[in-house]
Amino acid sequence: MYSSKITGLGYYVPENVVTNNDLTQWMETSDEWIQERTGIKERRWIDPKTEDTTAVMGAKAAKIAIERAGLTKDDIDFIIFATLSPDMYFPGGGVQIQDLLEMPTIGALDVRNQCSGFIYSLSVADQFIKTGMYKNILVIGSENHSGGLERSTRGRGVTVIFGDGAGAAVLSRNEEEGKGILSSHLHSEGKHAKELALIGPSTNRWVPEIIADNDPDDVSYFPHMNGQFVFKHAVVRFSEAIIEGLQANGLQKDDIDMLIPHQANLRIAQFIQKKFALSDDKVYNNIMRYGNTTAASIIIALTEAWEEGKIKDNDLVVLAAFGSGFTWGSVVIRW
Ligand code: UT7
C-alpha cells in the first residue's frame, strides 16, 4: 500500500477588502459586535467587475500549488474540487478547472461537504493514492459566498461571517517512510441539515415556485444558520475529531506541532486551543483577515502557515473541520 503527502500548496483571495465598517452601509452591525463574537476584522469579497468566480479563483490557487509541487498540469492525474458555491448548478467546478488549466481529459470529482469539504477531499485523494490508482491529485477548495449573501439587517447573522477565496494542494505518492497523511476520519449527522443550509433554489424549492410565491419574507434562497446551535455542536465535534485522529496514531495532544482548525469563528478555535492546552504558536488562525471561506478555509490557512515557515519538516500537523450537514472530520499529517 502506498501513502500520500502534500507536495504543493497555493491560495488566491480576491483583492477587494470589505471591512466590518464597510458592512454598515448595508446593515445594522458594528465592528465591535463582529470582532467580539467572531474575531473577524475584514474579509475579501469578489468585485463583480473582475473575472473572479469560484472556478477562476480555484484555478489561480491550483496553478501556484502545481508549480510549488515541481510539477506541470500534465502531471496531474485527477482533480477533486470542493465548494458549496459553484459557478453553475451543474456541472460542478471540477470540469471547469480541467478546462481553465488546459489539462488533459483526466477525471474531475466534485465534493459537496461545505466547511468539511477540504478534509473530505483530502481523504478521498489519499485513498486514490494509497491504492496506487493515481500519483498526483489536485485538491481545491474555493468559495464565492459574497454573490449569494443577503446584504441587509435581516441577513446579518450570516452575511458578516463569510468571505471569498480559494486554496489548492497537490497530493502526491509519498516516498518517505512515516511521512505524509497518517489518517483521516470523516463524520456526518444529517438530521441537522437545515440548521445551516441554503434550501432553494433546488429541486425541493425550484425557481418557478419561488417566483410564483413572490413572498418578500421568503429567505429560502439565502443561507440560513442557527448560530448558537451550530456553535454548540462545533466545539464538541471539533474536539472529537482531533482526539480520534490522535488516538488512531497512538499520539497525544502534546505531539501536535500545528493545529489548523476550519476558520468558522475565532471563539471556537480559542476554545479548542484551550481544551488541548496548545500554545499560540501551535494553532493557526486567519479568520481575522478572511472571515469564513468554508471549503477554502483550511487550505488557505495551511498555505499561509507553511509560507510563514510555521510548518517544518517532520512536524505533526492536524487539520480539523466542522460545518453544514452537519459534517466534520480530521486529517493528521506528518510533514
Ligand atoms: O463554518 C460552519 C460552522 N459555523 C459555525 O461554527 C458558526 C457557529 N456560530 C457562531 O459562530 C455564532 O453563533 C455567530 C457568530 C453566528 C453568532 O454569534 P452569537 O453570539 O451566537 O449571537 P446570536 O446569534 O445569539 O445573536 C445575538 C444578538 C441577537 O440580537 P438579540 O436577539 O439578542 O437582540 C442578534 O440579532 O446579536 C444580534 N446579531 C447581530 N448584531 C450585530 C446577529 N448578528 C449580528 C450582527 N451585528 N452581524
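Before any of the text, the structure's been laid out above.
This one's a predicted model, so the numbers in the text were calculated from it and none came from an experiment. (Residues numbered from 1 in each chain as written. Predicted model: local features only at pLDDT ≥ 70, side-chain atom pairs only at ≥ 80, totals over all residues. Heavy atoms only, no water.)

### Examining the overall build of the protein
Scanning the protein from N- to C-terminus turns up eleven helices and 13 strands. Relative to the compact-globule value of 20 Å for 335 residues, the protein shows a C-alpha radius of gyration of 19 Å, a close match. Buried positions account for 54% of the 335 residues belonging to the protein. A total of about 14,800 Å² of accessible surface is found on the protein, and carbon and sulfur atoms cover 50% of it. (Helix = DSSP H or I, 4+ residues; strand = E, 2+ residues; numbered from the N terminus. Rg over C-alpha atoms; globule rule 2.2 N^0.38 Å. Buried < 20%, exposed > 50% of the residue type's maximum accessible area, 1.4 Å probe, protein only. Areas by Shrake-Rupley, 256 points an atom, 1.4 Å probe, with all protein chains shown as cover.)

### Some thoughts on the packing of aromatic side chains
For the structure shown, the criterion picks out ten aromatic pairs. Where Phe 78 meets Tyr 134, the ring centres are 4.9 Å apart and the plane angle is 10°; that geometry is what we call stacked. Here Phe 78 is found in strand S4 (residues 78-82), whereas its partner Tyr 134 is found in the loop between helix H5 (117-130) and strand S6 (136-143), with 56 residues between them in sequence. Relative accessible area serves as the criterion here: at 16%, Tyr 134 is assigned to the buried category. Centre to centre, the rings of Phe 229 and Phe 326 are 6.1 Å apart; their planes meet at 35°, and the pair counts as tilted. Linking Phe 229 in helix H8 (residues 227-248) with Phe 326 in the loop between strand S12 (316-323) and strand S13 (327-334), this pair joins segments that are 97 residues apart in sequence. Within the aromatic cluster, the residues linked to one another by ring pairs are Phe 229, Phe 322, Phe 326 and Trp 328. (Phe/Tyr/Trp six-rings, centres within 6.5 Å; stacked < 30°, edge-to-face > 60°.)

### Details of the sheet that holds strand S11 (residues 258-261)
One open sheet holds the four strands; their spatial order is S8-S13-S12-S11, and the pairing between them is mixed. Where the open sheet ends on each side, the last strands, each with one partner, are strand S8 (180-188) and S11. Going from strand to strand, the sheet's axes swing by 10° on average, the running direction of each strand aside. Two strands pair when backbone bridges link them, and S11 and S12 are joined in this way by four bridges, in the parallel orientation. Bridging across to S12, Ile 260 finds its partner in Leu 319. Packed on one face of the sheet, H8 meets S8, S11, S12 and S13 and runs near 150° to S12. (Pairing = 2+ DSSP bridges. Axes fitted to C-alpha atoms, helices over the stretch in contact; angles between N-to-C directions. Contact = heavy atoms within 4.5 Å.)

### Quick look at the site of the ligand
Around the ligand lies a shell of 25 residues, among which Thr 29, Arg 37, Gln 228, Asn 265 and Asn 292 are the nearest. For the ligand, an oxygen atom lies 2.8 Å from a polar atom in the side chain of Arg 37. Take Asn 292: an N or O atom from its side chain is 2.7 Å from an oxygen atom of the ligand. Its free accessible area being 960 Å², the ligand has 73% of it covered by the protein chains. Counting only elements with at least two residues in the shell around the ligand, the list comes to helix H2 (31-38), helix H6 (156-159), H8, helix H9 (266-275) and S12. Taken together, the residues of the shell around the ligand break down into twelve nonpolar, nine polar and four charged. Domain assignment of the residues forming the shell around the ligand places at least three in each of domain 1 (3-174) and domain 2 (180-334). (Near = heavy atom within 4 Å. Polar contact = N/O pair within 3.5 Å; in protein donor to acceptor, adjacent residues only side chain to side chain. Nonpolar A, V, L, I, M, F, W, Y, C, P; charged D, E, K, R; others polar. Domains from an automatic or database assignment.)

Just distances and angles here, no functional claims.
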